[in-house]
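Chain by chain, the residues:
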Amino acid sequence: MPMQAMTRTAVLTGSRGQSVSLLQALAVAGMEAFEFPLIEIFSTHDHTLLAKAFAALKQYALVIFVSPAAIEFASAHLPLQWPALVPIAVVGPGSVRALKQYGIAAPLQRVIAPAQRSADQAVRYDSEALAAALEQTLGLASLNGRSVLIVRGDSGREWLADTLRAEGAQIEVVSAYRRALPVPTLAQWTRVRALLAGEPHAWLLTSSQGVRNLERLAQAHLSEAEQSALKRSPIIVPHARIAECADAVGFVTVTQCHAGDESIARALLFSTS
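Cut-off values and rules
- Residues numbered from 1 in each chain as written.
- Predicted model: local features only at pLDDT ≥ 70, side-chain atom pairs only at ≥ 80, totals over all residues.
- Heavy atoms only, no water.
- Helix = DSSP H or I, 4+ residues; strand = E, 2+ residues; numbered from the N terminus.
- Polar contact = N/O pair within 3.5 Å; in protein donor to acceptor, adjacent residues only side chain to side chain.
- Contact = heavy atoms within 4.5 Å.
- Axes fitted to C-alpha atoms, helices over the stretch in contact; angles between N-to-C directions.
- Parallel < 35°, antiparallel > 145°, perpendicular 65-115°, else oblique.
- Left-handed = near helix turned anticlockwise from the far one by under 90°.
- Nonpolar A, V, L, I, M, F, W, Y, C, P; charged D, E, K, R; others polar.
- Buried < 20%, exposed > 50% of the residue type's maximum accessible area, 1.4 Å probe, protein only.
- Pairing = 2+ DSSP bridges.
- Right-handed = clockwise from strand over helix to strand, strands pointing away.

### Brief notes about the side chain of His-201
Looking at the secondary structure, you find His-201 in strand β9 (residues 201–204). In terms of polar contacts, His-201 uses its side chain to reach the backbone carbonyl oxygen of Glu-199, at 2.8 Å. Excluding residues that lie within four positions of it along the chain, His-201 makes contacts with Thr-9, Val-11, Leu-195, Leu-196, Ser-233, Pro-234 and Thr-272.

In structure tokens, the structure reads:
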């Protein structure tokens, strides 16, 4: 009687559940999804500055949400009708969908996000791509002397804010959420150890902070042999900066793919074949 092939597992490390389309793509590929969050996200303790900013939306030439989480945690302060003359900028399609859930979408509002430039070119979802989209749609010079609101977590990259400041924009940054190191359950660690013992699997790491948190958690909870096995596990990342961070902490097999769910699912499937 032929032996049954082991189930291939994708370890998904996002903070608050995964994209439905990614989970569907993994299911179609016959992969099991195992959620092992590497970043915990909570609302900020004090929303005074956030509430004040949204009460005066019309003063801004542009409002930038850095992630779907920024939209979610700021949602209590969103107006019933977003001012039509205040454009919104977001990094990726997840944020576009999140805005739509709160009634903010074209054609009533102007939502700016990175877009595919040609059929054979993958879309980048990062600050650099958003800056390019803003240059194309608004012209960064048009923000000179004008107020720009950036809604984000309690920390993050300063590149976009610095770039807009260099163009003369007056940047106001408000925090809608804070990040923390998760505390995985015993059941989650048991599953991780089973994977590291030889079950075919690959990790999806979607941020540099997630990479660093995985190393911290591994050092605190895994044996040296298990840490060594983890460093040899296939790692899938959607951006070069994350790949550089993974290389720097010692992961051996790091594959960079495009940011879309289909590309990620293919990379996870290929890495476990």
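That was the structure; now back to the text.
### Topic: the packing of helix α8 (residues 208–221) against helix α9 (residues 224–232)
In the contact formed by α8 and α9, the axes pass within 9 Å of each other and the chain directions differ by 155°. Regarding the angle of α8 to α9, the classification is roughly antiparallel. As for how α8 packs across α9, the hand of that crossing is right-handed. In contact with Leu-214, Glu-215, Ala-218 and Gln-219 of α8, α9 contributes Gln-227, Leu-230 and Lys-231. Grouping the constituent residues of the contact of α8 with α9 by class yields 3 nonpolar, 2 polar and 2 charged.

### Brief notes about the pairing of strand β10 (residues 234–237)
Side chains Pro-234 and Ile-236 of β10 all project onto a buried face; the interleaved residues Ile-235 and Val-237 project onto the opposite face, where all are buried too. In the sheet, β9 pairs with β10 via 2 bridges, with the strands oriented parallel. Across the sheet, residue Leu-204 finds its bridge partner in β10, namely Ile-236. Crossover connection from β10 via helix α10 (residues 240–248) to parallel strand β11 (residues 253–256): handedness right-handed.

### Here we look at unusual backbone geometry
Note the cis peptide between Ala-106 and Pro-107, where omega equals 5°. Among the structural elements, Pro-107 can be located in the loop between α4 (93–101) and β6 (111–112).

### Description of the sheet that holds β11
Ordered by their spatial adjacency, 5 strands build an open sheet running β2-β1-β9-β10-β11, and the pairing between neighbours is parallel. Both edges of this open sheet fall to β2 (31–35) and β11, since each of them pairs with a single strand only. Neighbour-to-neighbour, the strand axes of the sheet open up by a mean angle of 25°, direction not taken into account. Pairing of strand β1 (residues 8–12) with β9 involves 4 bridges; the strand directions are parallel. Note on β9: the bridge partner recorded for Leu-12 is Leu-204.

### A few points about helix α11 (residues 261–271)
Of all the positions in α11, only Ser-263, Ile-264, Ala-265, Ala-267 and Leu-268 are classed as buried. Packed against the buried residues of α11 are β1, α1 (20–28), β2, β9 and β10.

### Notes on the side chain of Thr-13
Summarising the element assignment, Thr-13 is placed in the loop between β1 and α1. Thr-13 sits in the buried class, given a relative accessible area of 7%.

### Considering the sheet that holds strand β8 (residues 170–180)
Strand order in this open sheet of 6 strands is β3-β8-β7-β4-β5-β6, and the pairing throughout is mixed. Of all the strands in the sheet, just β3 (40–43) and β6 have a single pairing partner and so form its edges. The pairing of strand β4 (residues 60–65) with strand β5 (residues 88–90) spans 3 bridges and is parallel. Following the sheet pairing, Ile-64 is matched in β5 by Ala-89. With respect to the sheet, helix α2 (residues 48–55) is in contact with β4, β7 (147–153) and β8, its orientation differing from that of β8 by roughly 135°. Together, β4, β5 and β6 form the strand contacts of α4, whose direction differs from that of β5 by roughly 140°.

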